[in-house]
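Residue strings, one per chain:
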Amino acid sequence: MGGLGVGKGFGNKGFSNKFEESENIGFLKGYQDGNDAEASGPSRRGGRGSFRGCRGGFGIGRSNNECDQDERAQRTGGLFGSRRTAVSGTGNGDTYRSRSGSARGRGGYKGLNEEVIAGSGKNSWKSEAERGEGGDIQGPKVTYIPPPPPEDEDSIFSHYQTGINFDKYDTILVEVSGHDAPPAILTFEEANLGQTLNNNIAKAGYTKLTPVQKYSIPVTLAGRDLMACAQTGSGKTAAFLLPILAHMMRDGITSSRFKELQEPECIIVAPTRELINQIYLEARKFSYGTCVRAVVIYGGTQLGHSIRQIVQGCNILCATPGRLMDIIGKEKIGLKQVKYLVLDEADRMLDMGFGPEMKKLISCPGMPTKEQRQTLLFSATFPEEIQRLAAEFLKSNYLFVAVGQVGGACRDVQQTILQVGQYSKREKLVEILQNIGDERTMVFVETKKKADFIATFLCQEKVSTTSIHGDREQREREQALGDFRCGKCPVLVATSVAARGLDIENVQHVINFDLPSTIDEYVHRIGRTGRCGNTGRAISFFDPESDNHLAQPLVKVLSDAQQDVPSWLEEIAFSTYVPGFSGSTRGTVFASVDTRKNYKGKSTLNTAGFSSQAPNPVDEESWD
DNA sequence: AAAAAAT
């Protein structure tokens, strides 16, 4: 890696000393204090006075990682409890309708012409609206208040099993670029996250670090900015949440629910509402039993609901861009305390769609500059041109961590490409779904309209199907995801809204009914299966009428993931060969600190038209 | 051109 200073000798002098002697000791000490205090926790009752200890530091025999029981009860049980009563019933609407007009009942889609109203009138949102309890009586649209999260410990910590290939993660090549990177850690214990976090980690079922966690956690703990690229399903969320939480507990938090203006220490953004909600649920797991309160806000829900959530205390704010900017514009949160800014699916957050809003975010009044905050970017794909844009968000000495090939597919997904013309797709889909049986399957299509159409079609074919896309009401989207997650509807037809980040247990199959327009989107979509060491299958319909531009990058992705490449696909790839074409994200290293400076607009393509492999990738084993 | 994201 030409002159990047990356490799075995990659300097971690200085860092480890500093870490052990200053940060780490205070860190440990604080935790010990906190743990002792917490040992007597459950029986303790403290008033507001003792809560102040939470903000102050470690000195008063009460640490930041412990929360006053009363406070905690109010934060979790009490207020949610009353909320639950207030909205009971609204979350159970049996009948709903998409904007495009097809009526759906509980079992998924009804035929377009069968206006089946399932369930009793009492349970349909429509009658609820007529009763005037649901909000807007006029239109078909009822503003959605998301159901309160269940608060019992078991549901907070529910998780699923890692798969048979989980241990194979250890053989993946990892590459770290940039100066003075801290050494990787090998175990959770080494991270010194503290007893409370360790308990939560254990309860969440995490026992072993994934590569992106081994490398990213120490980087984040060292206070460095980070751009991390790791394959789908390999634990990126925990990789940023855990070190941030550890630091927040070490340093103390400023916003309690007693504060007028909430000033979160951490802001996390993601490109879809369902994804940010999933990240929030993880944040809630890891912050359980601490003073840190995570809040999630996104569009399609009542603004007032978002504000009420924030007012109750907000240390980690999980948000989609639109609602976040809205809330900031209304001055419902202050940005002065922001110490951590996380962009999940960072390439997506920085591209043409969201980039302008992210730029607005970092230049909002009160927002600390990049020098004053820590910025973390995570994604499985990261096109080079987007990596360049990222410099505006990151300190110049940021570190770049790449697990495997950037933009590479997960090898635990068996990929199949079938040549299917557009008029044969439906027939082929039914045939495949019949062979699949009851296993959970995501079917991706290109447009919202088509998602409705295919879902309706499948229901007519007696396949229990639901759908998710941006034209459905938020509550419909969440119901669809819920029905799919719990197995009630084993087939989910989706647009790209569900392509990134969603972590759903037991998705054995992904079918690209339509291929996406970019290869990165393909990598994200098939990454909904084969997660966390489990195996999965992806079948894609390749229509030579429309998909030829994907042949070349597909061949690259397939061969990198050691998949069979059909000869007809190779032929199309060859005949549509574009010299100098880079399959968007291909090519591992661009963003390393040194190459960034030297970047002259040329990508690192080899004669095959693809980016070359990273020179001298660091074998993870050599760090041990 | 499409999808997503504020109303």
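Here the structure is a predicted model, which is why all the values come from computation and not from measurement.

**Details of the overall build of chain A**
Part 1 of the reasoning: For chain A, the count of helices and strands is 21 helices and 17 strands.
Part 2 of the reasoning: With the model as given, the accessible surface of chain A reaches about 25000 Å², and the carbon-plus-sulfur share is 50%.

**Thoughts on the confidence of the model for chain A**
Part 1 of the reasoning: On average, residues of chain A score 76 in pLDDT, and 70% of them are at 70 or above.
Part 2 of the reasoning: The low-confidence segment residues 1–140 (pLDDT under 50) makes 267 contacts with residues lying over four places distant or belonging to another chain.
Part 3 of the reasoning: Low pLDDT (under 50) marks residues 585–624, which in the prediction has 108 contacts with non-local residues, meaning those over four places away or in another chain.

**Examining the protein's contact with DNA strand B**
Part 1 of the reasoning: In the vicinity of DNA strand B lie 21 residues, with Gly299, Arg323, Thr447, Lys448 and Gly470 positioned nearest.
Part 2 of the reasoning: In DNA strand B, atoms within 4 Å of the protein come 81% from sugar and phosphate.
Part 3 of the reasoning: Taking Lys448, its main chain carries an N or O atom lying 2.4 Å from a phosphate oxygen of DNA strand B.
Part 4 of the reasoning: Class assignment of the residues belonging to the surface near DNA strand B gives a composition of 4 nonpolar, 10 polar and 7 charged.

**Observations concerning the sheet that holds strand 17 (residues 536–542)**
Part 1 of the reasoning: Here 6 strands make up an open sheet; going across it, the order is 12-17-16-13-15-14 and the pairing parallel. Each edge of the sheet is formed by a strand with only one pairing partner; in this case those strands are strand 12 (413–419) and strand 14 (465–468). Taken pair by pair, the neighbouring strands of this sheet meet at an average axis angle of 20 degrees, ignoring direction.
Part 2 of the reasoning: Examined bridge by bridge, strand 13 (residues 440–444) and strand 16 (residues 507–512) share 5 bridges and lie parallel to one another. Bridge pairing in strand 16 links Phe444 to Asn512.

**Some details on unusual backbone geometry**
Part 1 of the reasoning: In this model, Asn192 sits at a positive phi of 50 degrees, which is unusual for a non-glycine residue.
Part 2 of the reasoning: Asn192 sits in the partly exposed class, given a relative accessible area of 22%.
Part 3 of the reasoning: Its identity as a non-glycine residue notwithstanding, Lys462 has a phi of 65 degrees, on the positive side.
Part 4 of the reasoning: The topology assignment puts Lys462 in the loop between helix 16 (448–460) and strand 14.

**Brief notes about the sheet that holds strand 7 (residues 294–297)**
Part 1 of the reasoning: Taken together, 8 strands build an open sheet; the order of strands is 4-11-5-10-9-6-8-7 and the sheet is mixed. Of all strands in the sheet, those with a lone pairing partner are strand 4 (174–177) and strand 7, marking the two edges. Along the sheet, successive strands turn relative to each other by an average axial angle of 15 degrees, direction set aside.
Part 2 of the reasoning: Here 4 bridges tie strand 7 to strand 8 (residues 316–319), and the two strands are oriented parallel to one another. When the bridges of strand 8 are listed, Val296 appears paired with Cys318.

**Some remarks on the UniProt feature "domain: Helicase C-terminal" (unreviewed entry) in chain A**
Part 1 of the reasoning: Within this structure's numbering, the places UniProt gives as "domain: Helicase C-terminal" (unreviewed entry) are residues 428–573.
Part 2 of the reasoning: In residues 428–573, the share of helix is 41% and the share of strand is 18%. The end C-alpha atoms are 24 Å apart.

**Section: the nonpolar core**
Part 1 of the reasoning: Ranked by internal contacts, the top residues of the largest apolar core, which has 95 residues, are Ile268, Phe286, Ile316, Tyr522 and Leu554.
Part 2 of the reasoning: Considering every element that reaches this core, the biggest residue donor is helix 8 (residues 236–251), with 10 residues.
Part 3 of the reasoning: A domain-level breakdown of this core finds at least three residues from each of domain 2 (192–403) and domain 3 (413–575).
Part 4 of the reasoning: Setting aside its immediate chain neighbours within four residues, Leu554 contacts Ile417, Leu515, Ile519, Tyr522, Phe542 and Leu569.
Part 5 of the reasoning: Of all hydrophobic cores here, the second largest spans 39 residues; its members include Leu324, Leu335, Cys364 and Tyr398.

Rules and cut-offs
- Residues numbered from 1 in each chain as written.
- Chains lettered and ligands numbered in written order.
- Predicted model: local features only at pLDDT ≥ 70, side-chain atom pairs only at ≥ 80, totals over all residues.
- Heavy atoms only, no water.
- Helix = DSSP H or I, 4+ residues; strand = E, 2+ residues; numbered from the N terminus.
- Areas by Shrake-Rupley, 256 points an atom, 1.4 Å probe, with all protein chains shown as cover.
- pLDDT = per-residue confidence, 0-100.
- Contact = heavy atoms within 4.5 Å.
- Near = heavy atom within 4 Å.
- Polar contact = N/O pair within 3.5 Å; in protein donor to acceptor, adjacent residues only side chain to side chain.
- Nonpolar A, V, L, I, M, F, W, Y, C, P; charged D, E, K, R; others polar.
- Pairing = 2+ DSSP bridges.
- Axes fitted to C-alpha atoms, helices over the stretch in contact; angles between N-to-C directions.
- Buried < 20%, exposed > 50% of the residue type's maximum accessible area, 1.4 Å probe, protein only.
- UniProt positions renumbered as here; feature names shortened; annotations may be inferred.
- Core = buried A, V, L, I, M, F, W, Y, C linked by side-chain atoms within 4.5 Å.
- Domains from an automatic or database assignment.

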